[in-house]
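So you can see what is in the structure, the chains are spelled out below.
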Amino acid sequence: MALLIQYTLIFASVLMLVALGGCFSEHSGVINIGLEGIMVIGALGGALMMRYLPTDVSAPVMIVMVCLAAVLAGALYSLLLAVAAVNFNADQTIIGTAMNMLGTAMATVIVKAINVAANPDDVSSTIQYVEQKKAFYFNVGSMELSWFMVIAVVLLIMSHVILYKTRFGLRLCACGEHPQAADSVGINVYKMRYAGVIISGILGGLGGIVYITSGVSEWKFENGVAGFGFLALAVMIFGQWKPMNIALAALLFGLMRALSNVYVAFDFLAALNIPGTVYNMLPYIISLVVLIFTSKKSRAPKAEGIPYDKGSR
């Protein structure tokens, strides 16, 4: 049971961070389908930082530096969507899809090039961080928890406050609901949409490094992030673009994902003789079922996905 709770919390942290990123982007009026690619690039930034940082640095320094590398990589990569969607009025769905394809391919090429440069016989796309990973975990009783869980909870509270209690958040939401009205009162819609997309890159990149360090000590980047970016989109929609609802949805989906890791530890589940692949499919099956029953009632920002034309009213 302790292992189930541990995995549920770590997977819920990933989904919550990435879904919150999508929430900020869509509240600004930009659909971010590219969360999967952003996660991969954020994971790459954090993994490279772990690879090149000395193993004897203190845990707080390791955590801060890896998080900074991940959020910076995610934010920079999200600029592809911001420039294309805001400046060139490109189709946001197509750009996001391209970012997902490019992210995994680019990360694979970069890691292989780094590995070959260090050892010509090593053509893998794997980065190891056995010792470095220990800085992110601490024990509470029989459970091993991650500092990323604490960071995720802090960012959840900050997201709620920023969106609903600050001038910036209210302006951001106005740009996703009625950008022309926002512009008429002096709000720069283009800047707010840039801000929303970059924040989604920051949170998505952080979610990427949390994902690849959840239980493993190395990552093969050609595997990507197993659809977690799309799963986070389902969490965001199920949570109705509201941070606290997103957190609850993330716990549900995180539980479904955790079952695929620990089902063999439960005798009653093991006795069912259900193949492990079925448990691996559970989060995605649940997401389809949930979206079927909730999509009609979903209340997305009215102007999401619509390029802003300053001349239209």
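This is a predicted model, so every value here is computed, not measured. (Residues numbered from 1 in each chain as written. Predicted model: local features only at pLDDT ≥ 70, side-chain atom pairs only at ≥ 80, totals over all residues. Heavy atoms only, no water.)

Glancing now at the overall build of the chain. Secondary structure assignment for the chain yields 12 helices and four strands. Relative to a compact globule of 313 residues, whose C-alpha radius of gyration would be 20 Å, the chain shows 20 Å and is just as compact. Across its three principal directions, the C-alpha atoms of the chain cover 60 × 50 × 30 Å. The buried share among the 313 residues of the chain stands at 51%. Residue pairs at least 24 apart in sequence account for 78% of intrachain contacts in the chain once pairs closer than 6 positions are excluded. Summed over its atoms, the accessible surface of the chain is roughly 14100 Å², and 68% of this surface lies on carbon and sulfur atoms. (Helix = DSSP H or I, 4+ residues; strand = E, 2+ residues; numbered from the N terminus. Rg over C-alpha atoms; globule rule 2.2 N^0.38 Å. Buried < 20%, exposed > 50% of the residue type's maximum accessible area, 1.4 Å probe, protein only. Contact = heavy atoms within 4.5 Å. Areas by Shrake-Rupley, 256 points an atom, 1.4 Å probe, with all protein chains shown as cover.)

In the contact formed by helix α5 (residues 147–165) and helix α6 (residues 167–177), the axes pass within 5 Å of each other and the chain directions differ by 70°. Taken as axis vectors, α5 and α6 run roughly perpendicular relative to one another. Residue-level contacts link I162, L163, Y164 and K165 of α5 to R167, F168, G169, L170, L172 and C173 of α6. (Axes fitted to C-alpha atoms, helices over the stretch in contact; angles between N-to-C directions. Parallel < 35°, antiparallel > 145°, perpendicular 65-115°, else oblique.)

The next subject is the side chain of T104. Looking at the element boundaries, T104 is found in helix α4 (residues 92–118). The contact partners of T104, leaving out residues within four places of it in the chain, are V40, F221, E222 and G224.

The phi torsion of most residues other than glycine is negative, and most of the peptide bonds are trans. Its identity as a non-glycine residue notwithstanding, A226 has a phi of 55°, on the positive side. Take A226: its relative accessible area is 42%, and that puts it in the partly exposed class. Located in the positive-phi region is W241, a residue other than glycine, with phi close to 60°. Residue position: W241 is located in the loop between α9 (228–238) and α10 (243–262).

Another point: the pairing of strand β3 (residues 143–146). Where strand β2 (residues 137–140) meets β3, four bridges bridge the pair, whose relative direction is antiparallel. By the bridge assignment, V140 is partnered in β3 with M143. Here β2 folds back onto β3 in antiparallel fashion, the turn holding two residues, of which G141 has a positive phi close to 65°. (Pairing = 2+ DSSP bridges.)

Turning our attention to the packing of aromatic side chains. Going through the model one piece at a time under the given rule, you end up with eight aromatic pairs. Ring geometry for Y7 and F11: centres 5.9 Å apart, planes at 20°, overall stacked. Placement of both Y7 and F11 in helix α1 (residues 2–28) is noted, with a separation of four residues, approximately one turn of the helix. For the residue pair Y7 and F11, the accessibility class agrees, reading buried in each case. Aromatic pair F136 and F148: ring centres 4.9 Å apart, planes at 15°, arrangement stacked. Taken together, the residues F136 in the loop between β1 (126–128) and β2 and F148 in helix α5 connect sequence positions 12 residues apart. Neither residue differs from the other here; F136 and F148 are each classed as buried. Site record: aromatic cluster; members linked through ring pairs are Y7, F11, Y211, W219 and F228. Its guanidinium or amino end placed over the ring of F11, R257 lies 4.7 Å from that ring's centre, counting from NZ or CZ. (Phe/Tyr/Trp six-rings, centres within 6.5 Å; stacked < 30°, edge-to-face > 60°. Lys NZ or Arg CZ within 6 Å of the ring centre and 35° of its normal.)

Here we take up α4. Over its 27 residues, α4 extends 38 Å from the first C-alpha to the last, a length consistent with the 39 Å expected when each residue adds 1.5 Å. Within α4, the full set of buried residues consists of Q92, G96, M99, N100, G103, T104, A107, T108, V111, I114 and N115. Where α4 starts, the residue carrying a side-chain oxygen 3.0 Å from the main-chain nitrogen of T93 turns out to be D91. (Expected span 1.5 Å × (residues − 1). Polar contact = N/O pair within 3.5 Å; in protein donor to acceptor, adjacent residues only side chain to side chain.)

Among the surface-exposed residues, M1, I5, L9, L248 and L251 lie close enough to one another that they form a single nonpolar patch of about 470 Å² accessible area. Breaking the nonpolar patch down by element, the ones donating at least two residues are α1 and α10. Along the polypeptide, L251 turns up in helix α10. (Patch = residues over 30% accessible without salt bridge, like charges linked within 9 Å, V, L, I, M, F, W, Y side chains within 5 Å. Salt bridge = Lys/Arg side-chain N within 4 Å of Asp/Glu carboxyl O.)

Where α5 contacts helix α8 (residues 189–212), the axes come no closer than 11 Å and their chain directions differ by 160°. On the basis of the axis angle, α5 is roughly antiparallel to α8. Every pair of crossing elements has a handedness; the one defined by α5 and α8 is left-handed. Residue-level contacts link F148, I151 and L155 of α5 to L203, L206, I209 and V210 of α8. When grouped by side-chain class, the residues that make up the contact of α5 with α8 number seven nonpolar, no polar and no charged. (Left-handed = near helix turned anticlockwise from the far one by under 90°. Nonpolar A, V, L, I, M, F, W, Y, C, P; charged D, E, K, R; others polar.)

In this section: the pattern of salt bridges. Under the definition given, this model contains two salt bridges. With a closest N to O distance of 3.2 Å, K134 and E131 form a salt bridge. Overall, E131 belongs to the partly exposed group, its relative accessible area being 45%. Residue R299 is joined to E177 by a salt bridge in which the shortest nitrogen-to-oxygen separation is 3.5 Å. Placement of the pair is R299 in the segment after α12 (276–294) and E177 in helix α6, with a sequence separation of 122 residues. Judged by its relative accessible area of 44%, R299 falls in the partly exposed class.

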